[in-house]
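Each chain, written out:
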Amino acid sequence: MQDDLERFKGSNLATEMENMSGTVQKQRSQPETLMGFSKNLKAQNQHLKERQDPLRKLVDRLNFQEKALVRYVRLNYDRNFIPYQTYNPPKQG
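The rules we used
Residues numbered from 1 in each chain as written. Predicted model: local features only at pLDDT ≥ 70, side-chain atom pairs only at ≥ 80, totals over all residues. Heavy atoms only, no water. Helix = DSSP H or I, 4+ residues; strand = E, 2+ residues; numbered from the N terminus. Buried < 20%, exposed > 50% of the residue type's maximum accessible area, 1.4 Å probe, protein only. Areas by Shrake-Rupley, 256 points an atom, 1.4 Å probe, with all protein chains shown as cover. Salt bridge = Lys/Arg side-chain N within 4 Å of Asp/Glu carboxyl O. Patch = residues over 30% accessible without salt bridge, like charges linked within 9 Å, V, L, I, M, F, W, Y side chains within 5 Å.

Asker: In this structure, what is going on with the overall build of the chain? I would like to understand it.
Answerer: Looking only at helices and strands, the chain features two helices and zero strands. A total of 93 residues make up the chain; the buried ones form 5% of that total. Accessible area of the chain: about 9000 Å², with a carbon and sulfur share of 55%.

Asker: What is the right way to read the pattern of salt bridges from this model?
Answerer: In this structure the tally under the stated criterion is one salt bridge. With a shortest N-O distance of 3.4 Å, arginine 56 and aspartate 53 are connected by a salt bridge. Of this pair, arginine 56 and aspartate 53 both sit in helix 2 (residues 12-77), three residues apart, which is roughly one turn of the helix. Classification of aspartate 53 by relative accessible area gives partly exposed; the value is 38%.

Asker: Honestly, a nonpolar patch on the surface in this entry has me stumped. Any pointers?
Answerer: There is a patch of nonpolar side chains on the surface, built from Leu69, Tyr72, Val73 and Tyr77 and spanning about 470 Å² of accessible area. Structurally, tyrosine 77 is set in helix 2.

Right under this line is the structure:
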């Protein structure tokens, strides 16, 4: 390819080949850059998931405590309460 460039130096073909070579070099570096971004995003995603797990567990625990509290109050203070309604609210209709 280098011999061809020397032979056609100054022609449109040589200029196009040089431009194409520069373009190819840029395109080769782009996937490497994108892979770096991808690895960084994967690491950030993993970090966020790790931070989210304790919050999810806390929300589950709070929901369970809320159900237990509602059940306790209704069992002890609501004479018309039927226990299965705590988890299966009555259907209106």
